[in-house]
Amino acid sequence: MTRTAADADPEAVPDVFDPRRYADGLPHAAYRLLRDRHPVAWQEEPEVLGWPAGPGFWAVTRHADVVRVLKDARTFSSRLGATQIRDPDPADLPFIRRMMLNQDPPTHGRLRRLVSRAFTPRRIDRFETAVRERARDLLTAAAGAARDGDGVCDIVADVTDDYALLNLADLLGVPPGERGLMLDWTRRVIGYQDPDEAGPAAAGADGRPADPRSPAMLGDMFAFARELAAHKRAHPGDDVMTVLALEGELATAELEMFFFLLTIAGNDTVRSAAPGGLLALAGHPDAYRALRTGAVGAATSVEELLRWHPPVLSFRRTAAQDTELAGCPVRAGDKVVVFHGAANHDERVFADPHRLDLGRDPNPHVSFGDGPHVCLGAHLARLQLRVLYEETCALVPVLQVAGTPRRLVSNFIHGLKSVRLRLADRPS
């Protein structure tokens, strides 16, 4: 395996693989060192939290290199080894490759075009109306409960978890009584590295933890998707699942994978970004004041808050051929992992990157990826975040951090498990 010259001094290359590192937030010092000295750095992949060791990978941390990897699907494949750092079981790869996320052009483009038909302007306009009402209701209830208590709420438990979940359930057309399943599936698949989220890991045939993305572990979700599709064919609604169920070009397996992708990625993108943005605003009162008074716009603020708190920490590609990246030889078959938070704080692109600047423009963050796999639901996520911040400004004059946030143990999702904020009419 080709390595960088830094391998002569292993201590010079910080570890950004261990998911436990992210429980304290983005490892900015490590990212800076990597960007400056080892922009394409070899990372060992030891056994951690009961999950087996892997062969290692290249960590890519500079913005320009991250963008190159994400745009060059011919050289850096999503299909060969899928898109998670951990290698899937080879027996599961054909199954995993059914998902659009784990495909390369042109196959990927066909599926993307099919699902894009569901997001019509009329549906999105209707969606915004419902989203704003939901944000207002959740924030009003949280602020009222805070006033009746100690002035503090857990914005994750009281607002953002339900906000993300119920918005997505409306968009998909999931019946109200079944919506709790979506959060359970998200926690199981996204939070599998965190014992608080996933609970005790189910054991596979070899006694090791079973991969939550394997066919065996997703059977209940796929059965639900088939049942919901059958219901929508018999009782069509104005929702995305009806459009997918009636799409003649979609095979059943493709529909199941779309439901998986929309349920997990569609929920967790907003579920992670929303509390991260509110935490950032609470920690920067001058910025929050500027947003509330209209000194900065909500749309540019959304982009800066996404740069500051990207919902996704990393994505993996596999080199399809021998190549070179930032002067480092990369061999065919090597894992190449881009780190969004590192790219979003690259001093080569962002002036004073550790300053929250809600008016930052341009703001070429990579929080929604880039290239052919740029997030399909990015416009819907931006809509939800903008509306949430607008309604927060209208209903909560002062946001203050009231405790240390509890973060997800994950090297994939930049999640927050608990964020205690003081919701006040005036500074305390």
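The rules behind the values
Residues numbered from 1 in each chain as written. Predicted model: local features only at pLDDT ≥ 70, side-chain atom pairs only at ≥ 80, totals over all residues. Heavy atoms only, no water. Helix = DSSP H or I, 4+ residues; strand = E, 2+ residues; numbered from the N terminus. Rg over C-alpha atoms; globule rule 2.2 N^0.38 Å. Buried < 20%, exposed > 50% of the residue type's maximum accessible area, 1.4 Å probe, protein only. Contact = heavy atoms within 4.5 Å. Phe/Tyr/Trp six-rings, centres within 6.5 Å; stacked < 30°, edge-to-face > 60°. Lys NZ or Arg CZ within 6 Å of the ring centre and 35° of its normal. Pairing = 2+ DSSP bridges. Axes fitted to C-alpha atoms, helices over the stretch in contact; angles between N-to-C directions. Left-handed = near helix turned anticlockwise from the far one by under 90°. Expected span 1.5 Å × (residues − 1). Salt bridge = Lys/Arg side-chain N within 4 Å of Asp/Glu carboxyl O.

Another aspect to go through is the overall build of the chain. Scanning the chain from terminus to terminus reveals 15 helices and twelve strands. Here the C-alpha radius of gyration of the chain, 21 Å, is about what a compact globule of 428 residues would show, namely 22 Å. Its C-alpha atoms put the chain at 60 × 55 × 40 Å along the principal axes. A total of 428 residues make up the chain; the buried ones form 58% of that total. Once local pairs closer than 6 in sequence are excluded, the contacts in the chain between residues at least 24 apart make up 74%.

Inspection of the entire model under this criterion finds ten aromatic pairs. Between Arg 307 and the ring centre of Phe 350, over which it is positioned, the NZ or CZ distance is 5.4 Å.

Moving on to the sheet that holds strand β5 (residues 314–319). The mixed open sheet is built from five strands, whose spatial order is β1-β2-β8-β5-β3. A strand with exactly one partner marks an edge of an open sheet, and here the two such strands are β1 (40–43) and β3 (76–77). The pairing of β1 with strand β2 (residues 57–60) spans four bridges and is classified as antiparallel. Following the sheet pairing, Val 40 is matched in β2 by Val 60. Seen against the sheet, helix α2 (residues 63–71) touches β2, β3, β5 and β8 (335–339) and runs at an angle of roughly 125 degrees to β8.

The strand order across the open sheet formed by three strands is β4-β12-β9, and the pairing between neighbours is antiparallel. This sheet does not close on itself; its edge strands, each paired only once, are β4 (152–154) and β9 (398–401). When strand polarity is set aside, the average angle formed by the axes of neighbouring strands in this sheet is 35 degrees. Sheet analysis places β4 next to strand β12 (residues 420–424), joined by three bridges and oriented antiparallel. Bridged to Val 152 within β12 is Arg 422.

Glancing now at the packing of helix α5 (residues 121–148) against helix α15 (residues 378–395). If you want to describe how two helices pack, look at the angle between their axes and the distance between the axes. With their axes 9 Å apart at the nearest point, α5 and α15 run at an angle of 40 degrees to one another. In terms of crossing hand, the pair formed by α5 and α15 is right-handed. When α5 is examined against α15, the residues Ile 124, Phe 127, Glu 128, Val 131, Arg 132, Ala 135, Arg 136, Leu 139 and Thr 140 are found in contact with a partner set consisting of His 379, Leu 380, Leu 383, Gln 384, Arg 386, Val 387, Leu 388, Glu 390, Glu 391, Thr 392 and Leu 395.

A word on α15. Here α15 contains 18 residues, and its C-alpha end-to-end distance of 26 Å stays within 8% of the 26 Å for a straight helix at 1.5 Å per residue. Among all positions of α15, only Ala 378, Leu 380, Ala 381, Leu 383, Gln 384, Leu 385, Val 387, Leu 388, Tyr 389, Glu 391, Thr 392 and Cys 393 are buried. Contacts made by the buried residues of α15 are with α5, α6 (155–172), α11 (252–283), α12 (285–293), α13 (298–308) and β9.

Of the positions making up α2, those classed as buried are His 63, Asp 65, Val 66, Val 67, Val 69 and Leu 70. In this structure, the buried side of α2 is in contact with β2, β3, β5, β6 (323–325), β8 and α14 (340–343).

Applying the stated criterion across every chain yields a total of 34 salt bridges. We note a salt bridge from Glu 128 to Arg 386, for which the minimum N-O separation is 3.2 Å. Placement of the pair is Glu 128 in helix α5 and Arg 386 in helix α15, with a sequence separation of 258 residues. We note a salt bridge from Arg 132 to Glu 391, for which the minimum N-O separation is 2.8 Å. Placement of the pair is Arg 132 in helix α5 and Glu 391 in helix α15, with a sequence separation of 259 residues.

Among the secondary structure elements, Leu 416 is positioned in strand β11 (residues 416–418). Through-space distance from the C-alpha of Leu 416 to that of Val 156 is 7.5 Å; in sequence the pair is 260 residues apart.

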